[in-house]
Amino acid sequence: MAAAAAAALLRQRAGGGGGAAALWRAQRRQRSTFDVAVVGAGIVGLASARELVRRHPSLALAVLEKEKELAHHQSGHNSGVIHSGIYYKPGSLKAKLCVQGAALCYEYCDQKGIPYKQCGKLIVAVEQDEIPRLKALYERGLQNNVRGLKLIGAKEIQAKEPFCRGLMALDSPYTGIVNYKQVAQSYAEDFQEAGGTILTDFEVTNMEMAKESSSESEDGLKYPVVVRNSKGEEIYCRHIVTCAGLYSDRLSEISGCSPEPRIVPFRGDYLVLKPEKCYMVKGNIYPVPNPRFPFLGFHFTPRMDGSVWLGPNAVLAFKREGYKLFDFSTGDFLDAVTYSGLWKLVLRNLSYGLSEMYRACFLSAQVKQLQKFIPEVTINDVLRGPSGVRAQALDSDGNLVDDFVFDGGSGDIGSRILHVRNAPSPAATSSLAIAKMIADEVKRRFEL
C-alpha cells in the first residue's frame, strides 16, 4: 500500500468511516501471516511497532488492537505531561528512559510538526517539613541528569506563577505538555507507511501453537503461533510482543506465562478550571510527593487546548476500563478484591485510601487541596472533568511495582512471546526510548 494511502486509511479508520472499515477488512483477508505481532495499539505498542519496522523493513509486522480506534485507553486518558525525570530512583529504568524519552519526544514532535508547549513545572513546598524532601528531590533530579533544574524561593515562585503561594519550589523548565493521542496516531502512520499492518476490532483471547494437521499446515511450519480473537478470527505469526496495559496480566496468563505482577486498576478523576479562570495557571504546579503515600497528589496541569486540569485523585476502579463513578464489572471487581496483594496495600494505606474516597465524593475537599497552592481557587471556579484508569502493577506482598517489567516464558509458545508487563507513568513520555529497548530485547530473544 502506498505511503500516502496508508496514512489516509489510518485517519479514516480512526474516524470510523465505513469505506475505511471495508478497506481494513480487505487488508485483513489479504494477509494473515506475520513475523511479529504486537498486541495493543496504545502509545507504547505503536512506538514499539514503529521501531521494529524501521529496524526490520523486510519483516511482516502487525499491530492487533481490540478497540475500533487507536490509543483509546491510558494513552488517550492521561494528563499530557512530558515529564523530565525528576522523581525516579537513580539508575532505574524509569529514570533512564524518561530522560532519554523526553528528549526523543521533543525531537519527534519537531520533526512531525506536532504542537507542544515547554511550559515548565514547579514542585512547590507549602510546609516547612516539605523543604528537606524538596531538596532531596533536587539532588535526585541532578543524579538523573535532568536539565535546567534549580531551587527557587517564594518571590521567584510568584514571578513564574503569580497566583501560586509556596515557601520553596523546584523549577523544571524543560517539562512540557503535548496531546499524546496525536503522537500515538503519528506513530501509527509511520508504521503503516513503512509497510506495517494495523488490525483494529481484534480482541486477542487465545494464543497457542499451530496444529500440524491444520489446513494452514504450510503456514503453521513457518508461522507456528496462532492468535485468535473474540470473533474466532485468526492470524499466524512467528513471535508476539504484548503491550496490553490494563490487560497485560491476563494476556500473560492466557499465553501460559506468569500472572504476576497483577494489574489493579485505579481511577483518577480530574476537575477542570472554568475557562474564565484558566489565567491563574501558566505551567504545571505539583506538590512535593509524600513517600508514605503511593501516588503523587493533586496538581495543576495546563492542556494543549487551553484548559487546565486539576487532580487527579486515586481510587480503586470497579472496572478495568471504568471511567465513570458507577462503571462496574463483576469479573474485574472480583479479580481485584480477591487478590491478597490489594488487601495488603489497602491495610498499609488505609487512612490515605479513605481520604481519597472522601475527596472523590466531595468537591469541596478536593478544592481545599488545591487552595494550598492557589488560595484564590474556589468551589465556584471548578467543574468535574474527565477520568483516566491507571494500570497499576501490584505484587502479592502488596507492593506497587514501580518500574518497567518485561518478561516471557518457556516452552514452545512462551519462548516466542515478550510481555511488556508494567509500563507505568511516565510511559508516554518514555515511549520512543522504551521502544528502542523493546526492539533490542526482541532481537536478542527472537534472533531476528
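Above this note sits the structure.
The structure reproduced in this document is the subject of the present report.

Let us look at the side chain of S430. Relative to the assigned elements, S430 resides in the loop between β20 (417–422) and α15 (431–446). Overall, S430 belongs to the buried group, its relative accessible area being 0%. Reaching out from S430, the side chain makes a polar contact with the backbone oxygen of P426 at a distance of 2.8 Å. Residue contacts for S430: discarding those within four places in its chain leaves L97, C98 and G101.

Another point: α15. Taking 1.5 Å of rise per residue, 16 residues should cover 22 Å, and α15 covers 21 Å from first to last C-alpha, within 8% of that figure. If you check which residues of α15 are buried, you get S431, L432, A433, I434, A435, I438, A439, E441, V442 and F446. The elements touched by buried residues of α15 are α3 (43–55), α4 (93–112), α7 (180–193), β12 (234–242), β19 (405–407) and β20. Positive phi shows up at E447, right after α15, with a value of about 55°.

Another aspect to go through is the layout of surface pockets. Over the atoms a probe the size of a water molecule is rolled, and this reveals where empty space is left. Considering only enclosed or pocket space, the second largest pocket measures out at about 620 Å³ in volume. Around the second largest pocket, the lining is made up of 24 residues, and of these F266, V315, L316, G353 and M357 lie nearest the centre. Counting residues per element, the ones that place at least two in the lining of the second largest pocket are β13 (262–273), β17 (315–316), α10 (330–337), α11 (340–348) and α12 (350–361). The dominant element in the lining of the second largest pocket, judged by the number of residues it contributes, is α12, at eight residues. The class makeup of the residues in the lining of the second largest pocket is 20 nonpolar, two polar and two charged.

Counting residues in hydrophobic clusters, the biggest one holds 46 residues, and the most contacted among them are L46 and V241. When residues of this core are assigned to their parent elements, the largest contribution, eight residues, is made by α15. If we ignore the near neighbours within four places in the chain, the residues touching V241 are V36, A37, V38, V39, L418, I438, V442 and F446. V308, V367, I374 and V382 belong to the second-largest nonpolar core, a separate cluster that totals 24 residues.

The next subject is a nonpolar patch on the surface. Residues W343, V346, L350, L354 and M357 make up a contiguous nonpolar surface patch of about 490 Å² in total accessible area. Counting residues per element, the nonpolar patch draws most heavily on α12, at three residues. Mapping L354 onto the fold places it in helix α12.

What follows covers the packing of α4 against α7. Where α4 meets α7, the closest approach of the two axes is 12 Å, and the angle between their N-to-C directions is 70°. With respect to α7, the axis of α4 lies roughly perpendicular. Between α4 and α7 the crossing geometry is left-handed. Taken together, the residues of α7 that come into contact with α4 (itself represented by C105, Y108, C109 and K112) are Y180, V183, S186, Y187 and D190.

The next subject is the pattern of salt bridges. Taken as a whole, this structure holds 28 salt bridges when the rule is applied. A salt bridge links D201 to K68, with the nearest nitrogen and oxygen atoms 4.0 Å apart. Of the two residues, D201 sits in the loop between β9 (197–199) and β10 (204–209) while K68 sits in the loop between β2 (61–64) and β3 (81–82), which places them 133 residues apart along the sequence. Note on D201: relative accessible area 22%, which makes it partly exposed. A salt bridge links E441 to R444; its shortest N-O distance comes to 2.6 Å. With E441 and R444 both in helix α15 and three residues apart, this pair spans about one turn of that helix. The exposure class assigned to R444 is exposed, which follows from its relative accessible area of 55%. Through salt bridges that share partners, D249, R250, R262, R320, D332 and D335 make up one connected network.

Once that is clear, we can look at unusual backbone geometry. Residues E260 and P261 are joined by a peptide bond in cis, for which omega reads -5°. If you trace the backbone, P261 turns up in the loop between α9 (248–254) and β13. Cis geometry marks the peptide bond from G311 to P312; its omega dihedral reads 0°. Along the polypeptide, P312 turns up in the loop between β16 (308–311) and β17. One non-glycine residue, A71, lies in the positive phi region at around 50°. Note on placement: A71 falls in the loop between β2 and β3. On the accessibility criterion, A71 (2% relative accessible area) is buried. With phi around 65°, N145 is a residue other than glycine that occupies positive phi space. Among the secondary structure elements, N145 is positioned in the loop between α5 (131–143) and β6 (150–153).

Turning next to the packing of aromatic side chains. Inspection of the entire model under this criterion finds ten aromatic pairs. Centre to centre, the rings of Y108 and Y187 are 5.1 Å apart; their planes meet at 65°, and the pair counts as edge-to-face. Taken together, the positions of Y108 in helix α4 and Y187 in helix α7 put the pair 79 residues apart, joining distant regions of the chain. Ring geometry for F163 and Y279: centres 5.5 Å apart, planes at 70°, overall edge-to-face. Placement of F163 in the loop between α6 (154–160) and β7 (168–172) and of Y279 in the loop between β13 and β14 (284–287) is noted, with a sequence separation of 116 residues between them. In textbook terms, an aromatic cluster arises when at least three aromatic residues are bridged by ring pairs, as seen for F318, F328 and F333. Here the basic side chain of R147 rests over the ring of Y174, its NZ or CZ set 3.7 Å away from the ring centre.

Cut-offs applied
Residues numbered from 1 in each chain as written. Predicted model: local features only at pLDDT ≥ 70, side-chain atom pairs only at ≥ 80, totals over all residues. Heavy atoms only, no water. Helix = DSSP H or I, 4+ residues; strand = E, 2+ residues; numbered from the N terminus. Buried < 20%, exposed > 50% of the residue type's maximum accessible area, 1.4 Å probe, protein only. Polar contact = N/O pair within 3.5 Å; in protein donor to acceptor, adjacent residues only side chain to side chain. Contact = heavy atoms within 4.5 Å. Expected span 1.5 Å × (residues − 1). 1 Å grid on protein atoms, 1.4 Å probe; cavity = no way out; pocket = protein on both sides within 12 Å on 5 of 7 lines; lining within 4 Å. Points joined across faces, edges and corners; volume = space filled by probe spheres on them. Nonpolar A, V, L, I, M, F, W, Y, C, P; charged D, E, K, R; others polar. Core = buried A, V, L, I, M, F, W, Y, C linked by side-chain atoms within 4.5 Å. Patch = residues over 30% accessible without salt bridge, like charges linked within 9 Å, V, L, I, M, F, W, Y side chains within 5 Å. Areas by Shrake-Rupley, 256 points an atom, 1.4 Å probe, with all protein chains shown as cover. Salt bridge = Lys/Arg side-chain N within 4 Å of Asp/Glu carboxyl O. Axes fitted to C-alpha atoms, helices over the stretch in contact; angles between N-to-C directions. Parallel < 35°, antiparallel > 145°, perpendicular 65-115°, else oblique. Left-handed = near helix turned anticlockwise from the far one by under 90°. Phe/Tyr/Trp six-rings, centres within 6.5 Å; stacked < 30°, edge-to-face > 60°. Lys NZ or Arg CZ within 6 Å of the ring centre and 35° of its normal.

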